[in-house]
Amino acid sequence: MFNVILFGPPGSGKGTQSEKLIEKYGFVHLSTGDLLRKERQLKTHLGIEAQKFVDKGQLVPDEVVIGMVSSALDENLNAPGFLFDGFPRTVTQAEALDRLLELKKSEIPVVLFLEVDEEELIKRLVNRGKTSERTDDGDENIQRKRQQVYKKETLPVAAYYAKKKKVVTINGMGSIEDIFSRLSASIDKKIAD
Ligand code: AMP
């Protein structure tokens with residue numbers, strides 16, 4: 001099993017690039033943001049409670065997200081590998097993921113870190129809000145809050161994996177195709193290692 005974490009701030013292009021990467025490599029896409037939106041559509045208790053955090057630009061509590069990921073891993077026992085998108089977002093989640101993968105005799109060989117300037121991120125997210133149906137896009141104040149939460153709670157996750165020498169930084173500015181080529185080259189290199 002070859003797993004990849006696609007890491008980066010909100011608006012860095014993780015969702016767009018994930019779609020292309022799963023098509024090319026056959027990963028099972030595991031986006032906690034998508035899973036939460038699905039719960040919300042189904043109007044489950046979890047979905048309704050989680051939405052209160054999402055709409056404020058805050059993180060959903062770790063235990064909720066870790067439970068969802070654990071179930072998704074169990075539902076895909078024969079996956080050739082997972083592409084984690086928007087997870088882990090806290091060090092507690094990263095530690096839990098290590099434990100969950102260890103139980104499956106698997107691990108995270110690489111974390112691809114998409115780097116994008118903050119003003120470009122806000123611009124992309126506000127623009128996305130004009131067309132997307134996401135309730136947490138569009139409002140610039142919520143976007144700034146999401147960037148703050150990212151820096152405070154999520155950036156330490158990069159340090160967690162950097163200590164294990166797993167982080168590869170990718171320039172996330174430029175065209176979708178150029179960024180995809182950079183990501184693919186890093187994955188191919190890791191697979192060949
Ligand atoms: P995303 O689609 O990854 O941008 O996620 C949208 C929102 O869902 C985030 O702003 C959080 O409120 C929530 N969320 C998604 N993934 C996580 C996670 N791993 N931990 C906590 N909250 C999350």
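Okay, so let's go over this structure. (Residues numbered from 1 in each chain as written. Predicted model: local features only at pLDDT ≥ 70, side-chain atom pairs only at ≥ 80, totals over all residues. Heavy atoms only, no water.)

Using the criterion set out here, one finds six aromatic pairs in the structure. With a centroid separation of 5.0 Å and 80 degrees between ring planes, the pair formed by Phe 7 and Phe 113 is classed as edge-to-face. Placement of Phe 7 in strand S1 (residues 4-7) and of Phe 113 in strand S4 (residues 110-115) is noted, with a sequence separation of 106 residues between them. We note that Phe 7, like Phe 113, is buried. Taken together, the aromatic side chains of Phe 7, Phe 113 and Tyr 150 make up a single cluster linked through ring pairs. One residue, Lys 20, lies across the ring of Phe 180, its end atom 4.9 Å from the ring centre. (Phe/Tyr/Trp six-rings, centres within 6.5 Å; stacked < 30°, edge-to-face > 60°. Helix = DSSP H or I, 4+ residues; strand = E, 2+ residues; numbered from the N terminus. Buried < 20%, exposed > 50% of the residue type's maximum accessible area, 1.4 Å probe, protein only. Lys NZ or Arg CZ within 6 Å of the ring centre and 35° of its normal.)

Glancing now at the packing of helix H6 (residues 118-131) against helix H7 (residues 140-163). Two quantities define a packed helix pair, namely the angle between the axes and the distance from one axis to the other. Packing of H6 against H7 brings their axes to within 10 Å, and their N-to-C directions diverge by 135 degrees. As summarised for this structure, H6 and H7 are arranged oblique, according to the angle between their axes. Considering the relative orientation of H6 and H7, their crossing is right-handed. Across from Glu 118, Glu 119, Leu 121, Ile 122, Leu 125, Val 126 and Arg 128 in H6, the residues of H7 making contact are Glu 140, Gln 143, Arg 144, Arg 146, Gln 147 and Lys 151. Residues that form the contact of H6 with H7 fall into these classes: four nonpolar, two polar and seven charged. (Axes fitted to C-alpha atoms, helices over the stretch in contact; angles between N-to-C directions. Parallel < 35°, antiparallel > 145°, perpendicular 65-115°, else oblique. Left-handed = near helix turned anticlockwise from the far one by under 90°. Contact = heavy atoms within 4.5 Å. Nonpolar A, V, L, I, M, F, W, Y, C, P; charged D, E, K, R; others polar.)

Honestly, that's just the spatial picture; any functional story needs more than this.
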